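Examining the three-dimensional arrangement
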Amino acid sequence: MSARKKFFLHLMGGIYIFAGVMHFVVPNIYMQIMPDYLPWHLELVYLSGLAEIGLGAGLMIPKLRRLAAWGLIALLVAVFPANINMAIKGITHIEGLPSWMPPPSPIGLWIRLPLQALFIYWAWVFTKPEETAQTTA
């Protein structure tokens, strides 16, 4: 794996682990964007946080990398309704948002939706088998 690809792998894994931990530190900010039709908001926030932590860590383990990347793709698809809900309702004021996190802007809510495809592509890059150097005799 190239140094560049390894950097982006670790960056992605770290982002997901951090985001997952935040689901437990400040679950209220995630509950505020949950669609009303979903039950068990707190439980789903914790479940998605646990999935982010586990899948982000799984990216770092070569034998689990491909499975973790596919899991992240599934997770990104699963949480997409919350992003749509946030954009449609124009949720820009989030109670309990840490001071170091900027509040979302109305346009940012809509820009975030197509960015989800970029995040899916980023994970998809790591679903491919590792290329191994072949030696000739």
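Just above, that's the structure.
In this report, we go over the structure that sits alongside the text. This is a predicted model, so every value here is computed, not measured. (Residues numbered from 1 in each chain as written. Predicted model: local features only at pLDDT ≥ 70, side-chain atom pairs only at ≥ 80, totals over all residues. Heavy atoms only, no water.)

Quick look at the pattern of salt bridges now. Counted under the stated rule, the structure contains one salt bridge. With a shortest N-O distance of 3.0 Å, Asp-36 and Lys-89 are connected by a salt bridge. Of this pair, Asp-36 sits in the loop between helix 2 (27-31) and helix 3 (41-58) while Lys-89 sits in helix 4 (residues 65-89); the two residues are 53 residues apart in sequence, bridging distant segments of the chain. For Lys-89, a relative accessible area of 45% corresponds to the partly exposed category. (Salt bridge = Lys/Arg side-chain N within 4 Å of Asp/Glu carboxyl O. Helix = DSSP H or I, 4+ residues; strand = E, 2+ residues; numbered from the N terminus. Buried < 20%, exposed > 50% of the residue type's maximum accessible area, 1.4 Å probe, protein only.)

Okay, unusual backbone geometry next. The phi dihedral of Trp-40 is positive, around 50 degrees, even though this residue is not glycine. Inspection of the secondary structure assignment puts Trp-40 in the loop between helix 2 and helix 3.

Once that is clear, we can look at the packing of helix 1 (residues 3-25) against helix 3. Put simply, helix 1 and helix 3 touch, their axes get as near as 7 Å, and they point 155 degrees apart. The orientation of helix 1 relative to helix 3 falls into the category roughly antiparallel. For the pair helix 1 and helix 3, the sense of crossing is left-handed. Here Gly-13, Tyr-16, Ile-17, Ala-19, Gly-20, Val-21, His-23 and Phe-24 of helix 1 come into contact with helix 3, specifically with Val-45, Tyr-46, Ser-48, Gly-49, Leu-50, Glu-52, Ile-53, Gly-56 and Ala-57. Residue composition of the contact of helix 1 with helix 3, by class: ten nonpolar, six polar and one charged. (Axes fitted to C-alpha atoms, helices over the stretch in contact; angles between N-to-C directions. Parallel < 35°, antiparallel > 145°, perpendicular 65-115°, else oblique. Left-handed = near helix turned anticlockwise from the far one by under 90°. Contact = heavy atoms within 4.5 Å. Nonpolar A, V, L, I, M, F, W, Y, C, P; charged D, E, K, R; others polar.)

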